[in-house]
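Here is how the chains run, residue by residue.
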Amino acid sequence: MKRTYIIGEIGINHQGDIDIAKRLIDIAAAAGCDAVKFQKRNPDVCVPDHQKEQPRSWQGEDMTYLEYKYKVEFGKDEYDEIDRYCKQQGIAWSASPWDLDSVKFLEQYDIPFIKLPSAMLTNEALLTECVKKFNKVIISTGMSTQEEIDNAVKVLQDAQLRYGKVESIGMLHCNSTYPAPIDELNLSGIKTLIDKYPDFEIGYSGHEFRLGTTVAAVYLGASILERHITLDRTMEGSDHMASVEPQGLFKLVSGVRELEAAYGDGVIKVTESEIPVRKKLRG
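Now for a quick tour of the structure. All values derive from a computational prediction rather than experimental measurement. (Residues numbered from 1 in each chain as written. Predicted model: local features only at pLDDT ≥ 70, side-chain atom pairs only at ≥ 80, totals over all residues. Heavy atoms only, no water.)

Comments concerning the overall build of the protein chain
And step 1. Broken down by element type, the protein chain carries twelve helices and ten strands.
And step 2. Taken against the 2.2 N^0.38 rule, which gives 19 Å for 283 residues, the C-alpha radius of gyration of the protein chain at 20 Å falls within 12% of a compact globule.
And step 3. If you line up the protein chain on its principal axes, its C-alpha atoms span 80 × 45 × 40 Å.
And step 4. Relative to its 283 residues, the protein chain shows a buried fraction of 49%.
And step 5. Sequence separation of at least 24 residues holds for 67% of the intrachain contacts in the protein chain that already meet a minimum separation of 6.
And step 6. About 14000 Å² of surface is accessible on the protein chain, with carbon and sulfur atoms providing 49% of the total.
And step 7. The protein chain carries 34 positive and 44 negative side-chain charges, and their two centres are separated by 7 Å. (Helix = DSSP H or I, 4+ residues; strand = E, 2+ residues; numbered from the N terminus. Rg over C-alpha atoms; globule rule 2.2 N^0.38 Å. Buried < 20%, exposed > 50% of the residue type's maximum accessible area, 1.4 Å probe, protein only. Contact = heavy atoms within 4.5 Å. Areas by Shrake-Rupley, 256 points an atom, 1.4 Å probe, with all protein chains shown as cover. Lys, Arg positive; Asp, Glu negative; His and termini not counted. Charge placed at Lys NZ, Arg CZ, Asp CG, Glu CD.)

In structure tokens, the structure reads:
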């Protein structure tokens with residue numbers, strides 16, 4: 001079984017605080033994740049005009065929704081520090097761009113992949129720009145129809161042929177509810193995507209409470225895993241409830257590595273450890 005690439009999705013669970021971001025990087029590195037991932041937005045572009053002036057309370061302070069989005073958004077100083085700190089801790093990092101400005105921003109860093117969130121699956125300009133600028137592009141398929149996924153694949157492949165930059169494309173099966181109901185995860189969709197897109201690397205982005213279902217995704221063929229991580233699920237913010245706390249992250253990563261070790265090649269034979277037992281009990 002191929003080693004699973006595990007991404008700890010910090011997203012905006014850092015609360016706009018670089019110290020919290022570093023603590024989450026530490027936890028992901030210690031747990032054995034391969035990478036952490038953030039989210040990058042230009043709030044002026046991403047927040048619809050009708051929402052910008054809506055009232056929002058954040059950490060006891062009243063503000064507009066646009067002001068709140070800036071509060072939890074990292075800029076160049078923070079990403080420079082993230083880049084430095086991740087190198088120090090021996091873990092890769094990336095971010096999900098929600099607009100073209102953010103693609104340009106992330107281009108200045110040497111990141112191993114770029115990840116498009118499910119919400120951007122139908123944004124053809126963003127898909128194309130990511131293929132032009134990065135060596136590896138990963139998309140998520142949450143809240144999408146098969147037709148929308150097929151169209152995104154066509155856009156990605158057309159851009160790949162035209163620009164020749166991207167070397168590999170990944171696709172993560174996903175349910176975009178936070179948290180996702182267990183009976184709506186449809187993990188069998190992983191096998192559907194593997195069969196339908198043999199040239200893509202297929203994985204799973206989970207938003208459920210459970211850990212076992214995410215480990216099961218690896219058994220079903222997922223070679224990339226992504227889970228949101230948090231210091232505490234009760235923290236203020238929209239993503240914490242669908243995130244994995246530190247103890248859970250350690251259990252998740254170890255569960256995946258144990259499955260990889262146990263999976264085997266399917267050939268029925270006497271194992272090395274069984275030889276002396278066989279000799280003792282059968283003579």
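Having seen the structure, we can now continue with the description.
Notes on empty space enclosed by the protein
And step 1. Going through the model one piece at a time under the given rule, you end up with one cavity of 30 Å³ or more.
And step 2. Volume-wise, the largest cavity comes out at about 50 Å³.
And step 3. Its residues placed into classes, the lining of the largest cavity shows four nonpolar, five polar and one charged. (1 Å grid on protein atoms, 1.4 Å probe; cavity = no way out; pocket = protein on both sides within 12 Å on 5 of 7 lines; lining within 4 Å. Points joined across faces, edges and corners; volume = space filled by probe spheres on them. Nonpolar A, V, L, I, M, F, W, Y, C, P; charged D, E, K, R; others polar.)

Quick word on the layout of surface pockets
And step 1. Of the pockets and cavities examined, the largest pocket occupies roughly 540 Å³.
And step 2. Forming the boundary of the largest pocket are 30 residues, of which Gln 39, Arg 41, Trp 98, Tyr 178 and Asp 239 lie nearest the centre.
And step 3. Going through the elements one at a time, strand E2 (35–40), helix H4 (65–71) and strand E10 (224–228) are the ones with two or more residues in the lining of the largest pocket.
And step 4. Per-element accounting of the lining of the largest pocket gives the leading share, three residues, to H4.
And step 5. Considering only enclosed or pocket space, the second largest pocket measures out at about 180 Å³ in volume.
And step 6. Around the second largest pocket sit 15 residues that line it, and Thr 141, Ile 149, His 173, Asn 186 and Gly 189 are the ones nearest its centre.
And step 7. Elements that contribute at least two residues to the lining of the second largest pocket include exactly helix H8 (146–163), strand E8 (168–174) and helix H9 (189–196).

By themselves, these figures tell us nothing about what the structure is for.
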